[in-house]
Each structure stands twice: as structure tokens, then as C-alpha cells.
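Listed below, chain by chain, are the residues.
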Amino acid sequence: MRSQARVVVIGGGVVGVSTLYHLARKGWGADAVLIEKGELTCGSTWHAAGLLPLFNMSYSVGQIHKYSVDLYKTLEAETGQDVSFHVTGNLRLATNRDRMDEYRKYCGTANTIGVPFEMIGLDEIRALWPLANTQGLVGALFHPHDGHVAPVDLTNALAAGARAGGAQIHRHTKVVDIRPEPDGAWCVVTDKGEIIAEHVVTATGAWCRQTLAMVGIDVPVIPVEHQYIVTDSHPALTARHAEGLPEMPVLRESDASYYLREERDGLILGPYEAGAPACFVDGVPDDFGQELFPGDLERLEPHVEAAIARVPIFGEAGIKDVVNGAIPYTPDGNPLIGPAYGLRNFWLAEGFSFGVTAAGGAGRFLAEWMEDGEPPIDMLAVDPRRFGAYANKSYAVEKNEEAYRNVFTVHYPDEERPAARPAKTSPVHSRHEAARAVFGQRYGWERPNWFAPAGVPARDEWSFRRTNWFGPVGEECRCARERVGLIDITSFSKFRVSGPGAESFLDGLLANRMPKRTGALRLGHALTSTGGVRSEFSIMRDGPEEFYLVSSGAAERFDHDYLAKALPGDGSVGLDNITERHGVLVLVGPQSRSVLQKLTETDLSNEAFPWLTGRHIRVGMAPVRALRVNFVGELGWELHHPIEYQTGLYDALMAAGADFGIGGVGMRAMESLRVEKSYRMWGMDLTTEYSAFEAGLDRFIALNKPDFIGRDALVRQREEGVPQAFVTLEVDAEDADPWGNEPLYLDGEMVGRATSGVHGHTVGRSLALAYVRPEAAAVGTGLTIDILGAQRSARVIPESPHDPENERLRA
């Protein structure tokens, strides 16, 4: 039997059913089908322990969770189905300053998305949790409107809403194959027949890798065992309930890595312990349904002891049950929501370690993405294409176990977790090690974050405040500004676009005009239909029909997928991803010309090799594409080269620069230097939520050229008024600088948020880049910025506090 549908959702857990529900609300219901091999209770062995995780200070993930809570509070009234939402509040304890700093940083992000919270002291903790021992605590974060919900009830309510919208749900139906049809549709083959669909969504939880193997996709979703303990009833809780006292908040002692909440007259303890193993690494057995693993109390012992010390009645209640099951994880702990890499109309909703907490928002934003062709909010933090081929099975096992055991550890803004590293290294990695580099990773690539001078331990001391790398990073900044520095950015994404249709193809995708002369450089942005900034490319024309594109290292699959799916079907445009075949070393600083000239016969004078041009030259023995442009705002060249030449090129540059005081410059110095120039960072300052005009990219937008994606929206915005403005701020900071996601206030009213922040070492000021309402954008406007709970003065200053006239770039 063969049937037709607009969309097939595979997986009947809460995420899949939420996606179906929201598609039905978008009008897809009559043509929407959900297939589940069992009952709509996938994951029903789990309970919800609070719906607002800290979301690692992520603006977009926070919006997903906030919408989920808002939806669950209204779902019963809409569907008539009780979701058992208990609004108890959520109480997060802190035993040290770093934990309080984490909460304060989170609160800044929460303010920008409208999540209510309270920072409270010991008296308030005792009032909320009278059965808890407050010894050793320094404070807490309290969400008054949070609580917990019954997953099965929630799933059934969403299913009722989906059915009311016309959607079909087929239980006890197994998907055995998924294959593309010649016309671009998908054929979903089940044990009861075939369904031809325009779109497919997979939300299959622990079965994710097996499901996606049917279409040739490998994603880093592997479950990890998670346990929780259910106790017998305790007289103290029974007495509270008999008195009609409210249920106490969900309790999280993050520094002991557990949560605790009431369950009838007993308690539930859920630890996130070290040593929890990945499971179903090679797939879920065919005979596995909702079975659980044997409990392992020994693994939980430190958390049990900590819970008894904090809540003594936990030790007095007998253990009723130990539940041990599989929870899907990803390497960074965030789910995969969005388009599958390399496949059209194939969507993922996988890897949810907190499925109940995110399901409502995930379903909504994915449905809107499918309907409109792009999401209503910036979804980069959950986009499946944020991982590349390096994130294979072995990588995922190590990283997913690491993500699990670090759920409750302090998440610092400068943290670099060590598991599954190094994955990818540039050829000069050992040279960086010899120079005492402290590494970070980006898209699997190891990159020097900073270089430790002699006598300084070559390791990070993570903090929300200025820490051990502050001084050395300042020296690297001065090296780049005053002498000459060398930066390894081999991780840059690099593409070749060629063919007779290449120029018109790029003209239709990017808002700027293409460079006309061979060797000319332009900055171009791919926009959404609403004018938001999707991607940013540096573009060099290599010839009449060939262009070289460079974008962020983290955007390799994101950008390649976008370009590939936009290619015309007539073969007039070729696309080649050459990222891993070419390295990039950036030579910057006032002495960079003197250093480079020692190694090449090419005339590097300003007249022969001006700013914003590129040439193919030879540097020492290496063939190099030299681009006179960089991201730090100094005289310098990006030296793109076949990667097999990198070691020799690096050694030659360091030797030639020795007399000029050359030094290594890491990513943290580059971050400070680029903010001193007000340069926007893709994924932080440039996102789909802000238009190109809001981002201040006017000079890169050619409204007078033939139509490009986003042009109409920008024309309308210019006519109606640009709602926000991009500004540079100087901040009166003390021992903590802005990081991004801090709220900004004018006369006590929130008027914007910072997107980046640093200490500008060479201008001697703390700086932030931000979006604010127009009335707060004038130079000289005084604002306040929330930094770790303290209101600091800030002022709007002119763009580019360093070298505003670009005299050094053009030198």
C-alpha cells in the first residue's frame, strides 16, 4: 500500500509529537503523518526535574526552553488533556563564588529573553526548602515559575492537539527504509506500506543513528546511561502534604551534581555522575523496547552522600527503585534541530538530553523553519551542521560521556573541555606546542588560544573574571599592534566557486557586488528573506569564471550546505570545498611587510599591493595566495597555502621575523583586537535575528544591483525604520569584562544586549559590541550594563576605537 503526505515525522516521543502538533498548527495537519514503532511513550520512564536548565548562557537555546514552559502552561486549556504541570519553582544552590558568578551571568542572558529569576540568600533558601541544611551555601538562583511536568501526559496532550489539527498518528508501525524518489520526494517504507512525502522529520532518540544510516548520515548522537533513585515515603513529607503545604521547589545542588524533588510522599534523586557509560554505541537491539539497565548504586554513592548531607530525610527514606535508562546526548549537550547536511527537505530533531524541557520550543521553531524556509530565531547553537565529519562514533562516545558528567559543573565562558582531543591539527601544531600554546578547539580543529610565557603555567584557569591568561593575551595584542605577529587560522572554511554561471549565482545569494577585477577582494553576506545575516564570506576573484570564498571555521558544513543546495541544476556552477587542503597563516603588524618582503620577490609596496587585493605569490618555497586583509585591523596578509607547505612556510616566517620581534598571537588576542576595530563576528554579532542594516553593514549592501535574497526586506526596513542599531561601548569594568549576552539599560529600561565583549588591551578600555534601540545609539549616550549582577556604567563611542581611519591597514 502506498500513500501520500506532505510530511512524515518518524518517532513518537515528546519531541516528535511536539513537531507534529506545531506543523498541524501551521496548517499542515491534513497532510502530516507521525510513525511510531511502539506507543507514544518513548522516554516515558523519565520524569521532568525542572524545565529551565541553565542553557549554558545560550541566547537561542534559552528561547527554546522559555517557549516550552509557556506552551505547557496553556496546553491543557487548549486540548483538554492534563499535562500535570506542577509550578513549584526551581532552586539552584551555590557553595562558592564561581557558581554564583555562573548564576549571575545566566541571569543576564535570562533578562534578555524574559525569563524571571531571583538571586536569593540563606534565609530565603530555608523558607523555600525548610528540610534542607544550608551549611556551606553562599546563595542560590530561584526560578519562581518553573516546575515539572509528566512526560506521558504532555506527550498525549500534544498528540491530542495534533489530531485535532487533522494529523494522523500510526502506532506500532516500524520504519524499515527511507529512500529518495526521482522527483525529489522521500519514500518512507514501513512494515505496513509506503508513504511518499515532500518532507521527513526524524525524532527517534536512541535509535537516531540507525534511522539516519538509512539515508547515509552519521551524526554524533549516542545515548549515555542516566540513573535516578526513587525513595519510599517519608513522614516529614507526608505531614507537609497533610497540612496542605505546597510542594517544595525542584532542588539542584549543582556543586554536588544532582537534582532532588518531591515525588508523592517520597523523593527523587537524579545525579549526573562521572563514569556513566555511553550505550547503544553500535545501535539499539531489535528486541529493545522500553527496557531499563540494571541500577549501579556504587556509581552514585558520592551523590547519595551529598544529598543526605544537604537533605537529611533522604537518608532516612528507604530506596524504592533505581531507574537506569538511556538518554541521547551530543558532544556539546545541545540537540540537533534543523536541516540534515546534504539532503533536501530532510529534517532532524535528535539528540535531546533534556527532551521534555525543549520539546515545545523545538517543535515550534522547527515547524516554522519548514514552513518559511528559515527559522524565526537564530538556531545556530542547535543546527545539525555545527558538527563535521570529525564528529564520528569514537569522538561522540568520548564527548557525549564528557557532556553528561559535566551537566552540573560550572560552565565558564572560556572553558575548553579536554575529551576527544586533538581531533584535527594543523601541520604546525607541534611548533605551537613548543611555543607553549594553550589550545582551544573550533569545529574539531586545535588552535592556540594563547601562549604562556616562561614561568607561567601553560594551562587555563577558567573564570568569569580576568584570569591567568589576561596578562599574556595583552602582550600578544601589543605584539600584533607594535611589532609583528603570526596567527594560525587554518580552520577557516574555504570554497572554490567556478563556471560560466558563477558570478550570477553568487550575485543572487550575496548582498554585495562581486569583485570585478582579478585579484580584487570583497566582503559579502548571505541574508535570509527577512534580511538577517546568515553567512559572511571574504571573496577573491580568481578569473572571469572563478571565485575563492573564505568563511568562519565553524561554518564549513553550514556554508557548504547552503551553497550546494542553491546551485543551479544546469551544471553552470561548480562548487569545491577545499578547506582541509589549504592552511592559513596570518602575518600582521607594522613590521609585517618587512618580514614578508625578505621571503618573496613580489613587490609588497602599497602601490604594487594595495589593501583589499590578493595575489598568487611565492613565499620562500611555498606557493601562496596572499590576501591583504585581516581580522585584527593592522597592516598584514592572510597567507593561504597548500597545507603540505605549512611547516616550511611557518619556519621561514618565524626566522625572517626574529629580528623584528615576531611572536605567536592566539585566538583570545585576536578577539580583543577585532573588537577594538568594531569588527563583527559571525555567529555572535552577525546572526539571522538582526538585519544587515541593524548590524551596520550598509556599505556591504548593494540595493541597486539585481535582486538578491533579503533585498526586499531591507528596502522595507529602510522605508519603515531600522528597529535596532549596532554600537560600540566602552565599559567601566573592574575585574570582570563583558563576554556577550549582557542586558543594557537606559534610565532603568532594558534597551538592548551586548553580543561581544573584551578588554581592549591596546586601547586600555573594556569594550562591548551591542544592539540597542535607536534612542540609545547616539555617540555619548550613557547606559548601564549588567556584568555578573553588578550594574556598570557604559557609553556609546564611535566605531573602531583603534585606528578609526584605517590608516594602519592602508599603510
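Look above for the structure.
What comes next is a walk through the structure. Please read these numbers as outputs of a predicted model, since none were measured by experiment. (Residues numbered from 1 in each chain as written. Predicted model: local features only at pLDDT ≥ 70, side-chain atom pairs only at ≥ 80, totals over all residues. Heavy atoms only, no water.)

### Points about the packing of aromatic side chains
Per the counting criterion, the structure on display carries 22 aromatic pairs. Taking the centre distance of 6.1 Å and the plane angle of 50° together, the rings of tyrosine 67 and phenylalanine 365 count as tilted. Linking tyrosine 67 in helix H2 (residues 59-79) with phenylalanine 365 in helix H10 (residues 355-372), this pair joins segments that are 298 residues apart in sequence. Taken individually, tyrosine 67 and phenylalanine 365 each receive the classification buried, so the pair is uniform in this respect. Each residue in the set Tyr259, Tyr272, Tyr329, Phe354, Tyr404 and Phe408 is aromatic and connected to the rest through ring pairs, giving one cluster. (Phe/Tyr/Trp six-rings, centres within 6.5 Å; stacked < 30°, edge-to-face > 60°. Helix = DSSP H or I, 4+ residues; strand = E, 2+ residues; numbered from the N terminus. Buried < 20%, exposed > 50% of the residue type's maximum accessible area, 1.4 Å probe, protein only.)

### Quick word on the sheet that holds strand E14 (residues 319-329)
Ordered by their spatial adjacency, 8 strands build an open sheet running E4-E5-E3-E11-E12-E13-E10-E14, and the pairing between neighbours is mixed. Each edge of the open sheet is held by one strand with a lone partner, namely strand E4 (118-120) and E14. Each strand axis lies, on average, 20° off the axis of its neighbour in the sheet, ignoring direction. The sheet contact formed by strand E10 (residues 222-231) and strand E13 (residues 266-271) spans 2 bridges and is antiparallel. Residue isoleucine 229 lies in a different strand from E13, and its bridge partner there is leucine 269. (Pairing = 2+ DSSP bridges. Axes fitted to C-alpha atoms, helices over the stretch in contact; angles between N-to-C directions.)

### Considerations on the sheet that holds strand E20 (residues 493-498)
Ordered by their spatial adjacency, 5 strands build an open sheet running E21-E22-E23-E20-E24, and the pairing between neighbours is antiparallel. A single partner strand is all that each edge strand has here, and the edge strands are strand E21 (521-527) and strand E24 (574-577). Mean inter-strand twist for the sheet, computed between neighbouring axes without regard to direction, equals 30°. Packed on one face of the sheet, helix H15 (residues 556-566) meets E20, E21, strand E22 (533-543), strand E23 (546-551) and E24 and runs near 70° to E22. (Contact = heavy atoms within 4.5 Å.)

### A few points about the pairing of strand E7 (residues 175-180)
Consecutive side chains of a regular strand alternate in pointing toward one face of the sheet and then the other. Where E7 meets strand E8 (residues 186-190), 5 bridges bridge the pair, whose relative direction is antiparallel. When the bridges of E8 are listed, aspartate 177 appears paired with valine 189. Linking E7 to E8, which pair antiparallel, is a turn of 5 residues; within it glycine 184 sits at a positive phi near 95°.

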